[in-house]
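Residues per chain, in single letters:
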Amino acid sequence: MTILQAPTDTQKRLYDAFTHCVTALELPLNKITVTKVTKIAGLSRRTFYTHFLDIYDLYEKLKQHLAQVLAIGTAGFVTKNGITKPAGILKAIHDIDQYEPYIFAVSNLDTEFFPQQITDLVQQKLLDYVAHRPDKKSVVSERETYYHILFISYGLGQECYYWMADRQRIPAQDLAKNIYYQLSSVSVGMIDPDLLDQAVAKLNTFDAN
């Protein structure tokens, strides 16, 4: 189980200042300086170097922190007992969304970070779920199941990224339902491929445009 290591108040002030440089000032990583970050944070350079080696170290530690946040959040999507209901997934989405400023800042610098993290985490959760199913009988091959999981995981990673970038386009409730239907299609497809088409058809009620 991943335990979130919360940043100290000082680290949070430095993360916030770094985020301001990226999103408000629109600076690339190589133009963000310790002097600028500490000035915005209202802290000394000595304090900065107590916590980080340099700006790149701050950036990497912020990404590590977000990786923990996403691991804990996506743990609410799938458990070994099954796919979480939409209400539970919605709560997990809101938990992740509390870190939106940091996620947005990191995504500005690395567009692959957020969707790739979601993809990898969901993929592992689904593989664990399939491996621990009480009834392991399946009418499809392990290879087919594996590739279906890869497809679903990648799609969800991209969908969550687009939602984070434009919440007006996709209400959180619809995103939660979409995640639920797609995750459920893995389980349903293992039992009866015909039911998989029915599960995917439900996605037509979700406006992805």
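The coordinates are above.
This write-up is about the structure you can find in this document. (Residues numbered from 1 in each chain as written. Predicted model: local features only at pLDDT ≥ 70, side-chain atom pairs only at ≥ 80, totals over all residues. Heavy atoms only, no water.)

## Observations concerning the nonpolar core
Counting 54 residues, the largest nonpolar core has Phe18, Phe77, Leu126, Ile179 and Leu183 as the members making the most contacts within it. If you list the elements that add at least two residues to this core, you get helix H1 (9-23), helix H2 (34-41), helix H4 (55-74), helix H5 (86-97), helix H6 (100-109), helix H7 (113-131), helix H8 (142-165) and helix H9 (172-191). If sequence neighbours within four positions are ignored, Ile179 has contacts with Phe77, Ile89, Ile93, Leu156 and Cys160. (Core = buried A, V, L, I, M, F, W, Y, C linked by side-chain atoms within 4.5 Å. Buried < 20%, exposed > 50% of the residue type's maximum accessible area, 1.4 Å probe, protein only. Helix = DSSP H or I, 4+ residues; strand = E, 2+ residues; numbered from the N terminus. Contact = heavy atoms within 4.5 Å.)

## Describing the packing of aromatic side chains
Counted under the stated rule, the structure contains 7 aromatic pairs. Each ring, one from Phe48 and one from Tyr49, has its centre 5.3 Å from the other, and the planes form 85°; the classification is edge-to-face. When its relative accessible area of 0% is taken as the criterion, Phe48 is described as buried. Clustering of aromatic rings is evident, with ring pairs tying together Tyr15, Phe48, Tyr49, Phe52 and Tyr102. (Phe/Tyr/Trp six-rings, centres within 6.5 Å; stacked < 30°, edge-to-face > 60°.)

## Considering unusual backbone geometry
Positive phi outside glycine occurs at Glu26, with the angle close to 55°. Tracing the backbone shows Glu26 in the loop between H1 and H2.

## Observations regarding the packing of H1 against H6
Geometrically, a packed helix pair is captured by the angle between its two axes and the distance between the axes. Interhelical geometry of H1 versus H6 gives an angle of 50° and a closest axis separation of 9 Å. With respect to each other, H1 and H6 are oriented oblique. The hand of the H1/H6 crossing is left-handed. Touching Lys12, Tyr15, Asp16, Phe18, Thr19, Val22 and Thr23 of H1 are Pro101, Tyr102, Phe104, Ala105, Asn108 and Leu109, all from H6. Taken together, the residues of the contact of H1 with H6 break down into 8 nonpolar, 3 polar and 2 charged. (Axes fitted to C-alpha atoms, helices over the stretch in contact; angles between N-to-C directions. Parallel < 35°, antiparallel > 145°, perpendicular 65-115°, else oblique. Left-handed = near helix turned anticlockwise from the far one by under 90°. Nonpolar A, V, L, I, M, F, W, Y, C, P; charged D, E, K, R; others polar.)

## Some remarks on the pattern of salt bridges
Taken as a whole, this structure holds 5 salt bridges when the rule is applied. Residue Lys12 is joined to Asp16 by a salt bridge in which the shortest nitrogen-to-oxygen separation is 3.1 Å. Of the two residues, Lys12 and Asp16 are both situated in helix H1; the distance of 4 residues between them amounts to about one turn of the helix. For Asp16, a relative accessible area of 32% puts it in the partly exposed group. (Salt bridge = Lys/Arg side-chain N within 4 Å of Asp/Glu carboxyl O.)

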